[in-house]
Protein chains: 2
Amino acid sequence: MLCVASESVRSRILAAGQRITPQRDLIAGVLEAAEAPLGAQELLDAVALRDAGIGRATVFRTLQSLQDAGVVQHVPLPGDQGGYLLCPTSGHHHHLVCQRCGRVEDLLEDEVALFVGAVARDHGFDIDHAGLELSGHCSGCR
Amino acid sequence: MLCVASESVRSRILAAGQRITPQRDLIAGVLEAAEAPLGAQELLDAVALRDAGIGRATVFRTLQSLQDAGVVQHVPLPGDQGGYLLCPTSGHHHHLVCQRCGRVEDLLEDEVALFVGAVARDHGFDIDHAGLELSGHCSGCR
DNA sequence: GCGCTTCTGATACCTGGTATCATCTGCTTC
DNA sequence: GAAGCAGATGATACCAGGTATCAGAAGCGC
Ligand SMILES: [Zn+2]
Ligand SMILES: [Zn+2]
Ligand SMILES: [Zn+2]
Ligand SMILES: [Zn+2]
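Residues numbered from 1 in each chain as written. Chains lettered and ligands numbered in written order. Predicted model: local features only at pLDDT ≥ 70, side-chain atom pairs only at ≥ 80, totals over all residues. Heavy atoms only, no water.

Remarks on the protein's contact with DNA strand C
Phase 1: Around DNA strand C sit 22 residues in total, of which Thr21(A), Thr58(A), Arg61(A), Arg56(B) and Tyr84(B) are the nearest.
Phase 2: By atom count, sugar and phosphate contribute 60% of the portion of DNA strand C lying within 4 Å of the protein.
Phase 3: One of the side-chain N or O atoms of Gln23(A) is found 2.9 Å from a sugar or linking oxygen in DNA strand C.
Phase 4: For DNA strand C, a base nitrogen lies 3.3 Å from a polar atom in the side chain of Arg19(B).
Phase 5: Sorting the residues of the surface near DNA strand C by element identifies α2 (22-33) and α4 (56-68) of chain A together with α3 (40-50) and α4 (56-68) of chain B as the ones contributing at least two each.
Phase 6: Class assignment of the residues belonging to the surface near DNA strand C gives a composition of 9 nonpolar, 7 polar and 6 charged. (Near = heavy atom within 4 Å. Polar contact = N/O pair within 3.5 Å; in protein donor to acceptor, adjacent residues only side chain to side chain. Helix = DSSP H or I, 4+ residues; strand = E, 2+ residues; numbered from the N terminus. Nonpolar A, V, L, I, M, F, W, Y, C, P; charged D, E, K, R; others polar.)

So, in structure tokens, the structure goes:
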């Protein structure tokens with residue numbers, strides 16, 4: 001099989017008990033090569049460009065599989081529906097996105113945990129889900 | 001006109017330069033009476049229950065108007081598309097939602113600003129948009 | 001290679017939301 | 001209180017993102 005995704009991504013897919021198929025390999029490869037989170041339509045287009053035979057449903061199913069495997073995260077963005085991002089690190093974490101160049105940085109989860117803990121304390125809540133969508137302009141785009 | 005929304009909500013709509021119509025009054029009233037954020041379908045149903053003549057487009061347009069007027073906020077929720085919430089305070093702020101009873105509390109914006117400022121400093125970003133989606137269980141539902 | 005299990009593509013469908021446009025109505029002015 | 005106009009409404013069609021179904025195809029462990 002012609003490999004499109006990196007070996008590490010392929011092994012993360014396998015580790016989640018999922019099969020490597022040419023479709024998954026290609027879709028993961030497209031996401032891995034992207035500089036910024038890809039929106040649904042962007043991803044569909046980019047995939048169709050490389051193999052027009054891949055069905056719409058397969059793309060969305062693969063996205064779901066990759067999210068389940070912790071390889072891909074959906075990042076909400078202000079205004080639109082957000083995009084999909086292939087992160088080198090597995091597990092739940094949060095992102096800071098540059099609105100101009102699309103550059104993405106992972107937040108320091110310690111800092112996030114500190115904030116969430118403080119909110120939980122102040123409000124007497126058990127917080128078991130935090131979605132953070134931070135965006136702005138990076139040092140280069142300011 | 002039979003008033004459904006409170007006088008304060010009506011005056012906030014007027015203050016934003018928008019007209020009071022029976023439809024807006026009713027939709028705002030439904031949101032004002034809700035205990036928890038209403039999803040799109042829930043709102044459509046609740047509105048249709050009170051006046052079946054109100055069109056789908058009007059409901060969504062009114063939601064947009066109320067958001068523009070700062071009267072309603074869209075709150076993202078884990079899993080689904082989130083819901084619409086009529087807040088007593090205008091302006092951009094964030095929410096903490098109980099997943100069980102739907103209870104909503106406003107976050108202390110000072111605390112949010114502190115966190116966002118720390119992230120901005122650490123990453124060298126200008127952060128100009130922060131969407132926070134915190135949810136968990138309140139003291140009563142724990 | 002074999003076979004089980006999973007995956008795929010086509011298609012139809014669903015939800016949330018927007019565009020269009022002819023008609024109607026809240027609000028201001030007189 | 002009536003007139004007139006900007007702005008709102010409802011019907012309808014449309015769009016994007018995403019899911020359900022199902023017959024057929026193909027990955028992987030043996
Ligand atoms: Zn990441
Ligand atoms: Zn940038
Ligand atoms: Zn609020
Ligand atoms: Zn609760």
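There's more to say after this.
Brief notes about the packing of helix α3 (residues 40-50) of chain A against α4(A)
The angle between the axes and the distance between the axes are what describe a pair of packed helices.
Residue and element names in this part refer to chain A.
Phase 1: Between α3 and α4, whose axes approach to 11 Å, the crossing angle comes to 120°. When the axes of α3 and α4 are compared, the pair comes out oblique. Regarding α3 and α4, the two cross each other, and that crossing is right-handed. Contact residues: Ala40, Leu43, Leu44 and Val47 in α3; Arg56, Val59, Phe60 and Leu63 in α4.
Phase 2: Considered class by class, the residues forming the contact of α3 with α4 number 7 nonpolar, no polar and 1 charged. (Axes fitted to C-alpha atoms, helices over the stretch in contact; angles between N-to-C directions. Parallel < 35°, antiparallel > 145°, perpendicular 65-115°, else oblique. Left-handed = near helix turned anticlockwise from the far one by under 90°. Contact = heavy atoms within 4.5 Å.)

Considerations on the coordination of the zinc ion (ligand 4)
Residue and element names in this part refer to chain B.
Phase 1: Around the zinc ion (ligand 4), the protein contributes the donor atoms Cys98 (SG), Cys101 (SG), Cys138 (SG) and Cys141 (SG), which lie 2.2 to 2.4 Å from the metal centre.
Phase 2: One way to put it: the 4 donor atoms around the zinc ion (ligand 4) meet at angles of 102 to 116°, and that makes the site tetrahedral.
Phase 3: Each donor residue of the zinc ion (ligand 4) belongs to the same chain, with the gaps between them written as C-x2-C-x36-C-x2-C. Of the two residues, Cys101 sits in the loop between β3 (95-98) and β4 (104-106) while Cys138 sits in the segment after β5 (126-137), which places them 37 residues apart along the sequence.
Phase 4: You can call Cys138 buried: its relative accessible area is 2%. (Donors = N, O, S within 2.8 Å, 3.2 Å for Na, K, Ca; no water. Tetrahedral: all angles 85-135°; square planar, octahedral: opposite > 155°, others 65-115°. Buried < 20%, exposed > 50% of the residue type's maximum accessible area, 1.4 Å probe, protein only.)

Examining the coordination of the zinc ion (ligand 3)
Residue and element names in this part refer to chain B.
Phase 1: For the zinc ion (ligand 3), the full set of protein donor atoms is Cys87 (SG), His93 (NE2), His95 (NE2) and Asp106 (OD), at a range of 2.0 to 2.5 Å.
Phase 2: Each of the 4 donor atoms around the zinc ion (ligand 3) contributes to a set of angles spanning 90 to 153°, which defines the coordination as irregular.
Phase 3: One chain supplies every donor to the zinc ion (ligand 3), and in sequence these donors are spaced C-x5-H-x1-H-x10-D. Remark: Asp106 occurs in strand β4 and His95 occurs in strand β3; sequence separation between them is 11 residues.
Phase 4: Exposure remark for His95: the relative accessible area of 5% places this residue in the buried category.
Phase 5: Residue Asp106 is classed as partly exposed on the basis of its relative accessible area, which comes to 30%.

Thoughts on the nonpolar core
Phase 1: If you look at the biggest cluster of nonpolar residues, it comprises 30 residues, and the most contacted ones within it are Leu107(A), Phe115(A), Ile127(A), Leu134(A), Phe115(B), Ile127(B) and Leu134(B).
Phase 2: If you list the elements that add at least two residues to this core, you get β3 (95-98), α5 (109-123) and β5 (126-137) of chain A together with β3, α5 (109-123) and β5 of chain B.
Phase 3: Not counting chain neighbours up to four residues away, the residues in contact with Phe115(A) comprise Glu111(B), Val112(B), Phe115(B), Leu132(B) and Leu134(B). (Core = buried A, V, L, I, M, F, W, Y, C linked by side-chain atoms within 4.5 Å.)

Thoughts on the environment of Gly53(A)
Phase 1: Locating Gly53(A) in the fold gives a position in the loop between α3 and α4.
Phase 2: The spatial distance from the C-alpha of Gly53(A) to the C-alpha of Gln23(A) is 9.5 Å, given a sequence separation of 30 residues.

Quick look at the side chain of Ser65(A)
Phase 1: If you trace the backbone, Ser65(A) turns up in helix α4.
Phase 2: Look past the residues within four positions of Ser65(A) in its chain and what remains in contact with it is Gln18(A) and Arg24(A).

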